[in-house]
Amino acid sequence: MRLSLPTRNYLPARGMARVRALFGGWTVLVLLFFYAPILFLVAYSFNSSRLNIVWEGFTLKWYAMLFRDNRLMAALENSVFVAVLATALSVVVGTTGAWLLHRYRYRGVRTISTLAFIPMVVPEIIMGISLLVFFKTVDVGLGYGTVIVAHTTFCFPFVMAAVQARLAGLDPALEEAALDLGATPLKAFWYVIVPYLMPAILSGALMAFALSMDELIVTYFTSSSSSATLPLRIYGMAKVGLNPMINALSTIFIVATIVLLLASEWVKRLRR
Amino acid sequence: MSADPSPPGAESALAARAASSKLNPNVQNHPDTQLEWEFRLTPLPAMPAMPAAGAPVSTETMVELRGVTKRFASVTAVDAVDLTIRKGEFLTLLGPSGCGKTTLLRLLAGFEIPTTGQILIEGQDVSNIPPYRRDVNQVFQSYAIFPHLTVEENIAFGLKMRHVPLAERCARVEEALALVSLAGLGKRRPHELSGGQRQRVALARALVCRPKVLLLDEPLSALDAKLRHDMQLELKQLQRQLGITFVFVTHDQEEALIMSDRIAVIHRGRIDQLGTATEIYHAPASAFTADFIGEANLLDGDIVSSNGVTALVRLDEGVEVTVRAAALRPGSTRALLSIRPEKIYITRTKPAKDNCFKGAIENEIFRGAMDELRIRVAHNLQLMAMVANESAHEHAWHKGDTVYCAIHTDDIVVVEQK
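The structure presented is a predicted model; accordingly, all values stated were derived computationally and were not measured.

**Structural notes on the overall build of chain A**
The secondary structure content of chain A amounts to 12 helices and 0 strands. Computed over C-alpha atoms, the radius of gyration of chain A comes to 25 Å, more than 25% over the 19 Å expected from 2.2 N^0.38 for 272 residues, which places it beyond the range of a compact globule. Based on the C-alpha atoms only, the size of chain A along its principal axes is roughly 85 × 70 × 30 Å. Going through the 272 residues of chain A one by one, you find that 40% of them count as buried. Here the contacts in chain A between residues at least 6 apart in sequence split such that 72% fall between residues at least 24 apart.

**Considerations on the domain arrangement of chain B**
Each assigned domain of chain B is listed with its residue range as follows: domain 1 (61-282) and domain 2 (295-417). Using C-alpha coordinates to define each centre, domain 1 of chain B is positioned 39 Å away from domain 2 of chain B.

**Notes on the nonpolar core**
By size, the foremost hydrophobic cluster in this structure holds 106 residues, and its most contacted members are B:Leu65, B:Leu93, B:Phe146, B:Ile155, B:Phe157, B:Leu203 and B:Leu214. Here this core takes 10 residues from helix H9 (residues 185-214) of chain A, the largest share from any one element. Dropping the residues within four chain positions of it, B:Ile155 is found in contact with B:Val173, B:Ala176, B:Leu177, B:Val201, B:Ala204, B:Arg205 and B:Val208. The next biggest cluster of nonpolar side chains, apart from the first, holds 31 residues, and it includes B:Val319, B:Leu381, B:Ile407 and B:Ile412.

**As for the sheet that holds strand E4 (residues 116-121) of chain B**
All names here are of chain B. Spatially, 4 strands are ordered E2-E1-E4-E5 in an open sheet, and the strand pairing comes out antiparallel. Looking at strand neighbours, the two that pair on one side only are strand E2 (75-86) and strand E5 (124-125), the edges of this open sheet. Sitting on the sheet, helix H3 (residues 101-109) is in contact with strand E1 (61-72), E2 and E4, with an inclination near 120° to E1.

**Here's the deal with the pattern of salt bridges**
Residues and elements named next belong to chain B. Tallied over the full model, the rule gives 28 salt bridges over all chains. Between Arg66 and Glu64 there is a salt bridge; the shortest N-O distance is 3.2 Å. Looking at Glu64, the relative accessible area reads 25%, which means it is partly exposed. Measuring nitrogen to oxygen at the nearest pair gives 2.6 Å for the salt bridge that ties Asp410 to Arg324. Linking Asp410 in the loop between strand E19 (402-407) and strand E20 (412-417) with Arg324 in strand E13 (residues 320-324), this pair joins segments that are 86 residues apart in sequence.

**Concerning H3(B)**
All names here are of chain B. Within H3, 7 of the 9 residues are buried, leaving the element largely enclosed by the surrounding structure. Those residues of H3 that fall on the buried side of the exposure criterion are Lys101, Thr103, Leu104, Leu105, Leu107, Leu108 and Ala109. Gly110 sits one or two residues past H3 and shows a positive phi near 100°.

**Describing the packing of aromatic side chains**
Applying the stated rule across the entire model yields 15 aromatic pairs over all chains. Between A:Phe40 and A:Tyr44, the ring centres sit 6.3 Å apart and the planes meet at 10°, which makes this aromatic pair stacked. Here the residue A:Phe40 and the residue A:Tyr44 both occupy positions in helix H1 (residues 13-44), the gap between them amounting to 4 residues, near one helical turn. Seen in terms of ring centroids, A:Tyr220 and A:Phe221 are 5.5 Å apart; in terms of plane orientation they differ by 90°. Their pairing is edge-to-face. Residue classification places A:Tyr220 among the partly exposed positions, given a relative accessible area of 48%. Note on A:Phe221: relative accessible area 18%, which makes it buried. For A:Arg103, the ring lying beneath its charged end belongs to A:Tyr104, and the centroid distance is 5.0 Å. Directly above the ring of B:Tyr281 sits B:Arg340, whose terminal nitrogen or CZ lies 4.1 Å from the centroid.

**Remarks on the environment of B:Val151**
Residues and elements named next belong to chain B. Within the secondary structure, Val151 sits in helix H4 (residues 151-161). For Val151, a relative accessible area of 1% translates into the label buried. The sequence separation of Val151 and Leu65 amounts to 86 residues, and the corresponding C-alpha distance is 35 Å. With sequence-adjacent residues up to four places away left out, Val151 is seen in contact with Leu177, Leu185, Gly186, Arg188, Leu193 and Val201.

**Remarks on the interface of chain A and chain B**
Listed per partner, the contact involves 19 residues of chain A and 24 residues of chain B. Buried area between chain A and chain B, summed over both chains or domains, comes out near 1,900 Å², and the portion from carbon and sulfur atoms is 66%. Summed over the shared surface of chain A and chain B, the result is 1 salt bridge. Seen at the junction of chain A and chain B, the total is 7 residue pairs in polar contact (both at pLDDT 80 or more). At the level of elements, helix H8 (172-180) and H9 of chain A are the ones that each hand at least two residues to the side of chain A that touches chain B. Looking at the side of chain A that touches chain B, the element that brings in the most residues is H8(A), giving 7 residues.

**Let's talk about unusual backbone geometry**
Trans peptide bonds make up the majority, and among non-glycine residues the majority have a negative phi. Residues and elements named next belong to chain B. In this structure, Ala73 is a non-glycine residue whose phi angle is positive, near 50°. Mapped onto the elements, Ala73 comes out in the loop between E1 and E2. The class for Ala73 is exposed, based on a relative accessible area of 82%. With a phi close to 55°, Ser181 is a non-glycine residue in the positive phi region.

Parameters at a glance
- Numbering of residues starts from 1 in every chain and runs along the sequence as written.
- Labels are handed out in written order, letters beginning with A for the chains and numbers beginning with 1 for the ligands.
- Reporting in this predicted model follows two pLDDT cut-offs: at least 70 for local features of residues, and 80 or more for side-chain atom pairs to be given and counted; totals over whole chains, interfaces and linings ignore these cut-offs and use all residues.
- To obtain the side-chain values, all non-hydrogen atoms of the structure were used and water was disregarded.
- In this description a helix means any DSSP run of H or I spanning at least four residues, a strand means any run of E spanning at least two, and both kinds are numbered starting from the N terminus.
- Here the globule rule is a power law, 2.2 Å times the number of residues to the power 0.38, and the radius of gyration is based on C-alpha atoms.
- Relative accessibility thresholds used throughout: buried, under 20% of the residue-type maximum; exposed, over 50%; partly exposed, between the two (1.4 Å probe, protein chains only).
- Note on contacts: a residue pair qualifies if any of its non-hydrogen atoms lie within 4.5 Å across the two residues.
- Where each domain begins and ends follows an automated or database-derived domain assignment.
- We call a set of buried residues a nonpolar core when its members are Ala, Val, Leu, Ile, Met, Phe, Trp, Tyr or Cys and they connect through side-chain atoms within 4.5 Å of each other.
- Strand pairing is assigned whenever DSSP identifies at least 2 bridges connecting the two strands.
- Fitted lines through C-alpha atoms give the axes, limited to the stretch in contact for helices. The angle between two N-to-C directions lies from 0 to 180 degrees.
- One speaks of a salt bridge when a side-chain nitrogen belonging to Lys or Arg is within 4 Å of a carboxyl oxygen belonging to Asp or Glu.
- Each pair of aromatic rings taken from Phe, Tyr and Trp, with Trp reduced to its six-membered ring, is defined by centres within 6.5 Å and is described as stacked if the planes are under 30 degrees apart, edge-to-face if over 60, and tilted in the remaining cases.
- Placement of a positive charge over a ring is assigned whenever Lys NZ or Arg CZ falls within 6 Å of the ring centre and within 35 degrees of the normal to the ring plane.
- Buried area: the accessible surface (1.4 Å probe) lost by two parts on joining, summed over both.
- The term polar contact refers here to a pair of N or O atoms within 3.5 Å; inside protein, the definition further demands a hydrogen-donor-capable atom paired with an acceptor-capable atom, and it admits residues adjacent in sequence only when both atoms are side-chain atoms.

Following this line, the structure appears as structure tokens:
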């Protein structure tokens, strides 16, 4: 009897081909289900017809109209302003929070680290309403401040999670070496720990920025009309009827989001 | 056959001899068994100088530990340790893992605060001073090189934290790089370095601060055996050259014997014995030290009689051995004896000496330069002997051979007595 070495393919060639076709087909279906609507939207943003269902010809006029629309441009400015500040706050809160939870042992560490992630899972509508009630109770007028604070509450856990993941692989001797060489705990954190965490901080920040740019429901409850963000404005426009300009705007948004997410992944891979 | 006295330092000579006999398996250059034994009857020759034992160390005190205890919850890691470390000394804290040696080092560095007791550096109480205000630097086991900084920036870190001016900083970094033979590699990133080079960076980074005491936490444990031995000698030479006090932590007894001026054997949070390498090896003060440093046959027995020069000890296994009476305190009735395996001489014919046991070789273990023999000398007593490896020769020892084990009276050390 001859013994043959085991191979990786356990099925005969023909069976294997069938399995591949099956899996391949399923994958294509799933991807279509996810991305076909988006592809339609992108395609119709270049449609010269006012109606979404009829293709008339290629045009860039909706993009041109979009950039001339002052209200939309003001909303975009608001969105970027809010996202930048909410991201900055999230980075500070998320990074220092992760470090304090990782480095120091005190009562309630576990409770705090669990509580910090609740904004990630609480339904946005509840977050929105509770923030609104809170702001009314402490008598703070709705505006940029309230939107930025509201965005920070659900953005910082993403920074914190990224930083915590990187801290798990931190050699404790790294901080001790800094202390040993004359750095105070604060300097050790700034000169050694923060540079070590930088890839995680950046990828968390990109994530936070993308989330803040996209957010609708919480913003709906916490903004005033002057501090309305782009998603809120689009929502308002969509209620009175779909306009191909929204398709153009959404396309720009989708591209920007994808670029941010890809950048976040790329930064993550920079980890040495 | 072979019955060479083999202190650890002589192993390379034995290896060379073994190698030469391998090359000429037909050449019989063996001294006569009896002759060699007669030679051994002359008084013990002095231990050959070890690389570590050399110039005298200053008698000034650098570090003093007074009753230092460190408890973690229910565990006492360091238990009332008193220790004086001299200026310019190479002191090794040696012990098995979990014995408290690393905690002791961390107490010196300032990463731990003693539960009770005091730590003094040059007479100043530093017990509660944080690590960043102590003139002490450490080489970490993992090296802890800052991954985002270049070699130069790593080494300059301590100087920058202490606000040393830029010009001086650069000069000292260059000097430190040259000191550890890394000149020219200053611009490299840590991940571009080999393990040995990283270790040198860690060393340079600590030395550039000119610490009063340099702490080393098993810095060589990640290196391969060959590189490790080179580094041991280099580190020792560096320490001599700089005159800085080194406190070195290791669990490797051979490393400790090679490098140290003095060794503190740590056992269960206490200093079991403190002394030079030769003292600790030849005159272990406890069963633990005798067993941990090198290898030893540890034997318990009753002191039966003494004639003022020699004393007779009847081992619990029924065998009688003669020891030097001077080693025993008057009134002692029980003794724990230690016999180093390389001090047992194996012969085929009965030598006319006090301590001589007939036995059979139960096991022969090839250990490279040495052969380890397990010899049953009584029904419940097995001795471990170490002989130069002669396995390529007709004189080789084999399982089942009947042999005589002879032990010089001076080579039986009384470790404990009561």
